[in-house]
Amino acid sequence: MITNKKPRSSDTDSNYMRDDRTEMSEDDDRSPPSDSIANGSCPTRTCTPGSGSGSGSGSSSIPEYSAPYPDRVLENVLENVLWFLTSRKDRNAASLVCRSWYRVEAMTRSDLFIGNCYAVSPERATSRFTRVRSVTLKGKPRFADFNLMPPNWGAHFAPWVSATAKAYPWLEKIHLKRMSVTDDDLALLAESFSGFKELVLVCCDGFGTSGLAAVASKCRQLKVLDLIESEVSDDEVDWIMCFPDTETCLESLIFDCVECLVDFDALERLVVRSPSLKKLRLNRFVSIGQLYRLMVRAPQLTHLGTGSFSPSEDVAQGELELDYVSAFAACKSLVCLSGFREIVPDCLPAIYPVCANLTSLNFSYANISAEQLKPIISNCHKLQTFWVLDSICDEGLQAVATTCKELRELRVFPFDPREDIEGPVSEVGLQAISEGCRKLQSILYFCQRMTNAAVIAMSKNCPDLVVFRLCIMGRQRPDHVTGEPMDEGFGAIVMNCKKLTRLAVSGLLTDTAFAYIGKYGKIVRTLSVAFAGDSDMGLKYVLEGCPRLQKLEIRDSPFGDTALLSGLHHYYNMRFLWMSACRLSHQGCQQIAQALPHLVVEVIKHEDTVHMDDYADTLYMYRSLAGRRHDVPKFVSIL
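Residues numbered from 1 in each chain as written. Predicted model: local features only at pLDDT ≥ 70, side-chain atom pairs only at ≥ 80, totals over all residues. Heavy atoms only, no water.

- In the annotation of an unreviewed UniProt entry, the protein chain is listed under the name f-box/tpr repeat protein POF3 and assigned to Salix purpurea.
- The Subcellular location (unreviewed entry) field of the UniProt record for the protein chain holds the comment "Nucleus". (UniProt positions renumbered as here; feature names shortened; annotations may be inferred.)

Below, the structure is given as C-alpha cells:
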C-alpha cells in the first residue's frame, strides 16, 4: 500500500502513484544522457586552443577567468558567446566539442543543476564549476513520496552546503527537492552567503522553524522563500517575526505546507514592508478574515494561496460582514489562485471577480461539487493550468471542457483513494476534456474506470501531449466496457502523441502495451509502471526500444532478472532505475553490479516486508561519478 506522507483530505491509504503537487517538475531536465556533471575529465578530442580573459558578467567577488594560452582571442570570443547559452542541453553539448570549449563552458556556467545528489561529489562539482551563482539539487527518487523508501535513507544537504559555502561565497540561489535538510544546514547557509536571495525547498524534511528563523533574520537580501510540500517541525520559534524590521526585498513567500501557527500581526507587518511581494501562499491557520486584511495591504499580488478559506473558530461578527468580493476585485494583477484548504463553499463567490484573468487555478484541496464549480469555471476562459479533486465528477470536467479552450495542464486527484469504491470520474470526463481542450499538453488523471476508446480519442484530439499519466485505481482493471486490456489505449498515446516525454501506465496491461511503448516511445524520458505487465518481455521491449529513457520507476510488477539484464546496454545513459516488489533476485542485482562497475546498485530492505533471501525488496540504481556513497544506512546494501 502506498500512503502519501501528506494526505490531502482523508486518512485513507492510496495504492497508486499520486503526484506530489509540486512546482519543480520531474521532467524539467531536457538534457541528453550526460548531466551537468557528466564528464569527469576533459574530452579526448582537441581543437586549436584560443584564449580570452573572459571577465563575464559576475560580480567582482567571483574569480576572473584567464585563458592559459598565448593567443587568447578565440577563447575570449567563445566565453562571450557561451554567456548567452542558458539551456542545460546546449551547454552540455558545447562542453563536449573539445578541451577548450569544455574549459570555457565550465568557467561561464552560473546555474548548476544536479539531478541526483549522489551522482557526483560536492568537491568535484565545485572544482569544475567555479563561478556558480545558483544551485539546483535533487535527492531521493519520487517514490519516496509514497512511503516506498524507508526513513533516513540519505540525500543529506550537509556536505553540499559545506562545499558551496567554501567555493561560492557569492551564491544567490538554492533549490532543493527531496533532500534531508537540518536546521544547522540552514544556519550555515544563512551565515555563508552574504548576498543570498532565493531558497526553494520542495518535498524536503529534517528542518524546523528555528532553521527558517536563521534564514529570515540573516539573509537581508532574500527575495524568495518557498516551502512546497515540505515537512517543517514546530520548534516553537515564530520565524515570521525574524524578518528585518526594515523594508524587505521579498517577492515570493510560500509556506502553505507549514503545519503550525504564525503570528498573524507579524505576518501582516511583513507584507506591508514588502512592496515587491507578488507571490504569497498561506497555510491553513490563516482564516479568510485574515486573508482579507492581507489582500487589502497587498493588491499587487499575482499569485495567491488563500489558506483555509474559512472563518476562524472564534470568528467575530465583523469577519462575516467583510466585503471579500471587493478585496478580490481590487487585485487586478491576480493570475494564479490556490489554497482553499478548509473551504466553506458559501465563500466561493468572493473569487468571481478574478476568474476572467486567471491562468492557473488549484482546487486540489477543495472538496467542491460540479454545481459549485460551474459558476467559477464558466468565467475562466484564459485558464491554462487546473488542478482539482474528482469530487467535481464527470459533469464538472464537462464544464471545464466547455470553457477552458486554452488549457495546457490538468490534474484530477482522488478525494477518496480507496480501490473498492465507485469513483466519481471516468472515461466520460476524460473524453470531454480531449474534445474541448485540444491544446492540452499535460494530464494526470485518477479514476476507477476507463475505456480504450476514451484514451484513443485523447491521443487523436490532443496530439501535443508531452505528459500523459493515467492512474486507474484498482489493480489490473481492464476496459470496463469491453473487458479487454488497456493495451490499445496506451498504444495510441505513444503512437499519436509525437512529443510525449513522460508516461505513467496502469490498469490491465499485457506485454503488447510495452511493445507499443518500445516501438513508438522514442523520446519518452520518464516511465512509471504500477501493477502491470505479463512477463519479462514487457520490460525488455521498453529497455531495448526507448533510447532516451532517463527515469524508470516500477512497482508491483512481474519483471525479473531476465528483464533487468536486458537493459545492460542502456543503464549508463539513465539517471536511475527503481524497481520495488518485483521478481528480482539478489543474484540478478549482483550481475548488474559486476557488469557495470560505475553504476551504483542499491538493494533496500524494508522492515515491514517478509524477508525472502532469494528476492530483493527494492532495487535502486543510478549512475555516479562519485562511486559508493559514504552515508549508507544499515537497511541498504550497495553491491
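From this point, the narrative continues.
1. Considerations on the packing of aromatic side chains
Part 1 of the argument: For the structure on display, the rule yields 19 aromatic pairs.
Part 2 of the argument: Considering the side-chain rings of Trp-387 and Phe-413, the 6.2 Å spacing of their centres and the 70° angle between planes classify their relative orientation as edge-to-face. Separated by 26 residues along the polypeptide, Trp-387 in strand 13 (residues 385–389) and Phe-413 in strand 14 (residues 409–413) bring together distant segments of the chain. Of the two residues examined, Trp-387 and Phe-413, each falls in the buried class.
Part 3 of the argument: Three or more aromatic residues link up through ring pairs in this structure, and these residues are Tyr-118, Phe-143, Phe-146, Trp-153, Phe-576, Trp-578, Tyr-620 and Tyr-622.
Part 4 of the argument: The ring of Tyr-365 has Arg-341 sitting right over it, with the charged end atom 3.8 Å from the ring centre.
Part 5 of the argument: One residue, Arg-629, lies across the ring of Trp-153, its end atom 4.4 Å from the ring centre. (Phe/Tyr/Trp six-rings, centres within 6.5 Å; stacked < 30°, edge-to-face > 60°. Helix = DSSP H or I, 4+ residues; strand = E, 2+ residues; numbered from the N terminus. Buried < 20%, exposed > 50% of the residue type's maximum accessible area, 1.4 Å probe, protein only. Lys NZ or Arg CZ within 6 Å of the ring centre and 35° of its normal.)

2. Looking at the nonpolar core
Part 1 of the argument: One finds Trp-239, Phe-328, Ile-351, Phe-363, Phe-386 and Phe-468 to be the most contacted residues of the largest nonpolar core, which totals 179 residues.
Part 2 of the argument: Setting aside anything within four residues of it in sequence, one finds Ile-351 in contact with Phe-309, Phe-328, Leu-337, Phe-340, Phe-363 and Ile-376.
Part 3 of the argument: Among the nonpolar cores identified, the runner-up in size contains seven residues, and Leu-389, Phe-413, Leu-444 and Met-473 belong to it. (Core = buried A, V, L, I, M, F, W, Y, C linked by side-chain atoms within 4.5 Å. Contact = heavy atoms within 4.5 Å.)

3. Things to note about the environment of Arg-293
Part 1 of the argument: With respect to the helices and strands, Arg-293 occurs in helix 9 (residues 288–297).
Part 2 of the argument: For Arg-293, a relative accessible area of 36% puts it in the partly exposed group.
Part 3 of the argument: Arg-293 sits 29 residues away from Leu-322 along the chain, and the two C-alpha atoms are 9.7 Å apart.
Part 4 of the argument: Among residues more than four places away in sequence, those in contact with Arg-293 are Phe-264, Asp-265 and Glu-268.

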